[in-house]
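For reference, the chains in residue letters:
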Amino acid sequence: MCGHRPCSWGGNRLLKVLRTTPIIILSLCLNACMSAHQYLVSSATSESSSFTVTQGGKLKLQGIVLVVKPVNSLLVATGQNYILFDLLEDIQPQDYKYTTSYYDDTHANTKGPFILEIIVSTNDHEMNFAPMKVGVEMAGKKIHPVSYYVLEPRYPGTGFLRVTDLCKRPGAESWNADNPLKSAEENSTAEPILLTQQNRYCFAIMYGMPPIDPRSVFSVEIEGLSIDGKAVAPAVIRYVPDTERHRSA
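Residues numbered from 1 in each chain as written. Predicted model: local features only at pLDDT ≥ 70, side-chain atom pairs only at ≥ 80, totals over all residues. Heavy atoms only, no water.

1. Section: the packing of aromatic side chains
Applying the stated criterion to the full structure yields 5 aromatic pairs. Plain terms: the ring middles of F114 and Y207 are 5.8 Å apart, the flat faces sit at 35° to each other, and that makes the pair tilted. Here Y207 lies in strand 15 (residues 200–207) and F114 lies in strand 7 (residues 114–121), a separation of 93 residues in the sequence. Residue classification places F114 among the buried residues on the basis of a relative accessible area of 0%. Taken together, the aromatic side chains of F129, Y201 and F203 make up a single cluster linked through ring pairs. (Phe/Tyr/Trp six-rings, centres within 6.5 Å; stacked < 30°, edge-to-face > 60°. Helix = DSSP H or I, 4+ residues; strand = E, 2+ residues; numbered from the N terminus. Buried < 20%, exposed > 50% of the residue type's maximum accessible area, 1.4 Å probe, protein only.)

Pasting the structure below:
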């Protein structure tokens, strides 16, 4: 940015300068430019009249707020700010990388497992939640979890970027980049967990399959919920392909 305006001098003249005088690009970027990244992500939608959901997977159920995030965002291009934003250096599909600490192998063709994160903010309610009843449906096949981890929210509130992890290992700083699954207890019990009032919880649910490519269409069905002792109908969220662009200093 140049002040509060994009760094642009106008069309063909700018492109000619950028292509012929790289030292000017360097000088401008040292003073004003920001890095730019483009990602492939999964956007959430709902076909139910009982709740609405944001593109980032945030929904409300009878006063309780959930954020349901598939860990499958892929970095596909990098560049710099407004100056080079339309001239991003494309990466070949085999070199796309997942933007997560959960996967030791972050390449797009990693063999797994797939992780789904869920944040729950209970507010003034109690909730029974069974992570092992959160199913993923893709191409007509429903996949059930193999295990789950009880972690901590990485950031305050429920706002987040779709390319960042929601959870962290208990006690870690928010900026910690280690894999939380390597230092937390793995669970596989089907029994529901009581989530008490005025608390926030973060779960990482593991599926025995490769991470879902964000260019695919799939659904997440959350069953076995009860709020304040009353059963809640399953919540089904559909995910569709989308792109997201971020700029940072």
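Let us keep going from here.
2. Description of empty space enclosed by the protein
Across all of its chains, the model carries 2 cavities of 30 Å³ or more by this definition. The space that makes up the largest cavity amounts to roughly 60 Å³. Considering the residues around the largest cavity, the lining is formed by V41, S42, Q55, G56, G57, V68, K69, P70, N72, S73, R162 and Y239. Among the secondary structure elements, those contributing two or more residues to the lining of the largest cavity are strand 1 (35–45) and strand 3 (64–70). The leading source of residues in the lining of the largest cavity is strand 3, at 3 residues. Grouping the constituent residues of the lining of the largest cavity by class yields 4 nonpolar, 6 polar and 2 charged. (1 Å grid on protein atoms, 1.4 Å probe; cavity = no way out; pocket = protein on both sides within 12 Å on 5 of 7 lines; lining within 4 Å. Points joined across faces, edges and corners; volume = space filled by probe spheres on them. Nonpolar A, V, L, I, M, F, W, Y, C, P; charged D, E, K, R; others polar.)

3. Quick word on unusual backbone geometry
For the peptide bond that leads from G112 to P113, omega is 5°, which places it in the cis range. As for its placement among the helices and strands, P113 is situated in the loop between strand 6 (97–98) and strand 7. Look at N123: it is not a glycine, yet its phi comes out positive at around 55°. One can find N123 in the loop between strand 7 and strand 8 (127–129). Not every positive phi belongs to a glycine, and Q198 is a case in point at roughly 55°.

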